[in-house]
Amino acid sequence: MAVPRGRGQRVAMITRRARPGLTLIELLFVLTVVGVLTGLAAPSLRHGLDRLAVRSARDALAAGVARTRAFAVARGGAVLVVAPSQDAFWIEATSGEPLTARVDLGRQYGVRLVVDGSPAEPLRLHFDGRGIGRLVNRSFHLRRGRAEAGLVLSSQGRPRRW
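These figures come from a predicted structure and were not determined experimentally. Numbering of residues starts from 1 in each chain and follows the order in which that chain's sequence is written. The predicted origin of the model limits local features to residues at a pLDDT of at least 70 and limits the giving and counting of side-chain atom pairs to 80 or more, whereas totals for whole chains, interfaces and linings rest on all residues. Each side-chain value is derived from all of the structure's non-hydrogen atoms; neither hydrogens nor water enter the calculation.

### Observations concerning the overall build of the chain
Okay, step 1: Within the chain, the regular secondary structure consists of two helices and 10 strands.
Okay, step 2: Walking the chain from its N terminus toward its C terminus, one meets helices and strands in the order β-β-α-β-β-β-α-β-β-β-β-β.
Okay, step 3: When burial is assessed residue by residue, the chain has 32% of its 162 residues classed as buried.
Okay, step 4: Residue contacts are defined here by distance: any two heavy atoms, one from each residue, within 4.5 Å place the two residues in contact. Of the contacts formed within the chain by residues at least 6 apart in sequence, a portion of 52% connects residues at least 24 apart.
Okay, step 5: Accessible surface area values rest on a Shrake-Rupley calculation with a 1.4 Å probe, where residue burial reflects the displayed protein chains alone. Carbon and sulfur atoms form 57% of the exposed surface of the chain, whose accessible area is close to 10900 Å². Each helix is a run of DSSP H or I of at least 4 residues and each strand a run of E of at least 2, with the numbering of both proceeding from the N terminus. Type-normalised accessible area, obtained with a 1.4 Å probe on protein chains alone, sets the label of each residue: buried when under 20%, exposed when over 50%, and partly exposed for intermediate values.

### Observations concerning the pairing of strand β3 (residues 77–83)
Okay, step 1: Burial within β3 is extensive, with seven of its seven residues counted as buried.
Okay, step 2: Two strands are counted as paired when DSSP detects at least two bridges linking them. Note that β3 and strand β7 (residues 123–128) share six bridges and pair antiparallel. Considered in β7, the bridge of V79 is made with H126.
Okay, step 3: Sheet analysis places β3 next to strand β4 (residues 88–92), joined by five bridges and oriented antiparallel.

### Describing the pattern of salt bridges
Okay, step 1: A side-chain nitrogen of Lys or Arg and a carboxyl oxygen of Asp or Glu constitute a salt bridge if their distance falls within 4 Å. What the rule picks out here adds up to nine salt bridges.
Okay, step 2: A salt bridge links D59 to R161, with the nearest nitrogen and oxygen atoms 3.0 Å apart. Placement of D59 in helix α1 (residues 24–75) and of R161 in strand β10 (residues 159–161) is noted, with a sequence separation of 102 residues between them.
Okay, step 3: Among the ionic pairs, R112 bridges to D87, the shortest N-O distance being 2.7 Å. One end of the pair, R112, is in strand β6 (residues 112–115); the other, D87, is in the loop between β3 and β4, and 25 residues separate them in sequence.
Okay, step 4: The class of D87 is buried, set by a relative accessible area of 8%.
Okay, step 5: Salt bridges here are not isolated pairs; linked through shared partners, they connect R58, D59 and R161.

### A word on the side chain of D50
Okay, step 1: Here D50 is to be found in helix α1.
Okay, step 2: Note on D50: relative accessible area 9%, which makes it buried.
Okay, step 3: Excluding anything up to four places from it in sequence, D50 contacts R144, G145, R146 and A147.

### Quick word on the environment of V103
Okay, step 1: Examined against the element boundaries, V103 turns out to sit in strand β5 (residues 103–104).
Okay, step 2: A C-alpha to C-alpha distance of 8.7 Å links V103 and L61, two positions 42 residues apart in sequence.

### Observations concerning the sheet that holds β7
Okay, step 1: Taken in spatial order, the four strands line up as β5-β4-β3-β7 in an open sheet, and their pairing is antiparallel. Of all the strands in the sheet, the pair left with one neighbour each is β5 and β7.
Okay, step 2: Across the face of the sheet, α1 comes into contact with β3, β4 and β7 while running at roughly 155 degrees to β3. To define axes, lines are fitted to C-alpha atoms, for helices over the stretch in contact only, and angles between the resulting N-to-C directions are given on a 0 to 180 degree scale.

This is the structure in structure tokens:
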């Protein structure tokens, strides 16, 4: 648009158009706010992941107990071997032959396995041909960070989660 200037002279007016986008200061402000919010949420997220890991490991151990009972009924007996020092368990026949692969709770879930009243050596829990445990009354604690979950086996071998 031209603006009249004196007699017969016209000067072109320079208009500045707004460009879409962000200024550097606006971008830095947004990144700072996102960084602060992420820093505040990280501990809560980490604790949630720890809780999920210990619950998953507890459920894997409970599934191992159920499989041991099923093997015991099918084969006339089975043994659940729990190695707290290795954070692992596996199932064996009464003859000592391994029936399943070793389940490494420490490697798969990042948890520590603690058995109440048990030394560091592997604990052998025997189940008879009816799937009933013989004096297998134990408490298992699974820990990671501040999170903890547990599994209690009754004297007959029935698991209870907590």
